Amino acid sequence: MEGYATIAQFMGNHDEVTIIRRFRDLNMQDILYLQAELIHLQDELKEQALVDKENPNRRYFSKDWWSLANAEDEEGQLQWSLVQKIRKKLEEYNSRVTQQILLSNIKGPNSYDLAFFRDWLQRPNMGNFPLLGLDRHAWAEEHTNDLLAIHRRDHEDPISRWFINRFIPWFHVKFGSRIKKPIPESPTTEITHYDERPLLKAVHIFGMLVASLLPILSIVVLYFVGNNVARLGIAVAFTATFSVALMLLTQAKRIEIFAATSAFAAVQVVFVSANYIVVGAGGVEAH
């Protein structure tokens, strides 16, 4: 197996590298041509309607569809013929615009997956430059903004993206390659598969632990600090840490992060400003 079949098999086995060109410029050029054709047809239709209006036998074409669609003379059939031609062209135009909207909404490839695919194309024990024609440059750097991913890998939050795209490749180079075997369908390529689901689950558990422990940790720290100025500084630091943690570890929107951070800050302010009483052997001390 070689050439296009090699690339097709690789893409079939790895959905994340189903990366192709969207040809944004050519698609828009084609739509502009269709738009120009329709504009000219529309102008012809207007002119023909004016001509028919001046003719006693065709003056009611604009008010009677039956007369327009069933004219017997050749000249009388021109306006309806234009309408039918425009109808077909509109169908083609609307279809192309709809397709372009769909293409425009498809995201580009994950940067890590694109880099991996480009590397695969060049390595002798992998793709080994499978194409010889002009399309061998389809995935070149200059076309990066014109690529789309049929099955893009998206991760929910920045930490998950960093963990999957940065940490796991680093871990594989340093340690994983010693214990993890290449996938069976291409052992000579040394491509190793890591199941993302348990890895992402571990990241989510870590995020939940951080989100739940930060409020408790802040209260514990504030409890043991007696100086009010120091308490305020600690409260500010924990509040900032909490908001950054929410941004990195969750998919929360800005308004949600703002609301959660405000609530967290309010709890700390109440704790800092509240008086409490300590009963000891020497008597009662108010703080």
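Just above sits the structure.
Below you will find a few notes about this structure. (Residues numbered from 1 in each chain as written. Predicted model: local features only at pLDDT ≥ 70, side-chain atom pairs only at ≥ 80, totals over all residues. Heavy atoms only, no water.)

## Things to note about the overall build of the protein chain
Looking only at helices and strands, the protein chain features 9 helices and 4 strands. Each helix and strand of the protein chain, ordered N terminal to C terminal, gives the series α-β-α-α-α-α-β-α-α-α-α-β-β. Since a compact globule built from 287 residues should have a radius of gyration of about 19 Å, the 33 Å found for the protein chain marks it as more spread out than a globular shape. Counting only C-alpha atoms and orienting by the principal axes, one finds that the protein chain spans roughly 115 × 60 × 30 Å. In the protein chain, which comprises 287 residues, the share counted as buried stands at 31%. (Helix = DSSP H or I, 4+ residues; strand = E, 2+ residues; numbered from the N terminus. Rg over C-alpha atoms; globule rule 2.2 N^0.38 Å. Buried < 20%, exposed > 50% of the residue type's maximum accessible area, 1.4 Å probe, protein only.)

## A word on the packing of helix H7 (residues 196-223) against helix H9 (residues 254-273)
When two helices pack together, their arrangement is given by the angle between the helix axes and by the axis-to-axis distance. Two elements in contact, H7 and H9, have axes whose closest approach is 11 Å; the angle formed by their N-to-C orientations is 20 degrees. Looking at the two axes, H7 sits roughly parallel to H9. H7 and H9 meet at a crossing whose hand is right-handed. Packed against H7, whose contacting residues are Leu214, Pro215, Ser218, Ile219, Leu222 and Tyr223, the element H9 presents Phe264, Val267, Gln268, Phe271 and Val272 at the interface. Considered class by class, the residues forming the contact of H7 with H9 number 9 nonpolar, 2 polar and no charged. (Axes fitted to C-alpha atoms, helices over the stretch in contact; angles between N-to-C directions. Parallel < 35°, antiparallel > 145°, perpendicular 65-115°, else oblique. Left-handed = near helix turned anticlockwise from the far one by under 90°. Contact = heavy atoms within 4.5 Å. Nonpolar A, V, L, I, M, F, W, Y, C, P; charged D, E, K, R; others polar.)

## A few points about the packing of aromatic side chains
Under the definition given, this model contains 11 aromatic pairs. Ring geometry for Phe242 versus Phe264: centroids 4.5 Å apart, planes at 25 degrees, classification stacked. Pair noted here: Phe242 is in helix H8 (residues 228-249) and Phe264 is in helix H9, with a separation of 22 residues, a long-range link. Phe264 shares its class with Phe242; the two are buried. A network of ring pairs unites the aromatic residues Phe10, Phe116, Phe117, Trp120 and Trp139 as a single cluster. (Phe/Tyr/Trp six-rings, centres within 6.5 Å; stacked < 30°, edge-to-face > 60°.)

## A look at the nonpolar core
Counting residues in each nonpolar core, the largest one holds 15 residues, and the members touching the most others are Ile7, Phe10, Met11, Phe117, Trp120, Leu121 and Trp139. When contributions to this core are tallied by element, the ones reaching two or more residues are helix H1 (4-13) and helix H5 (111-122). It is H5 that contributes the most residues to this core, 4 residues altogether. Sequence-distant contacts of Met11, that is, excluding residues within four places in its chain, are made with Val17, Thr18, Ile19, Phe117 and Trp139. Ranked by size, the runner-up nonpolar core spans 11 residues in total, among them Leu214, Phe238, Phe242 and Ile257. (Core = buried A, V, L, I, M, F, W, Y, C linked by side-chain atoms within 4.5 Å.)

## Topic: unusual backbone geometry
Across residues other than glycine, the phi torsion is negative in most instances, and most of the peptide bonds are trans. Positive phi is not limited to glycine here, since Phe23 has a value of about 50 degrees. Inspection of the secondary structure puts Phe23 in the loop between strand E1 (19-21) and helix H2 (24-54). A positive phi angle, near 50 degrees, is found at Phe129, a position not held by glycine. You can see Phe129 is positioned in the loop between H5 and strand E2 (147-149).

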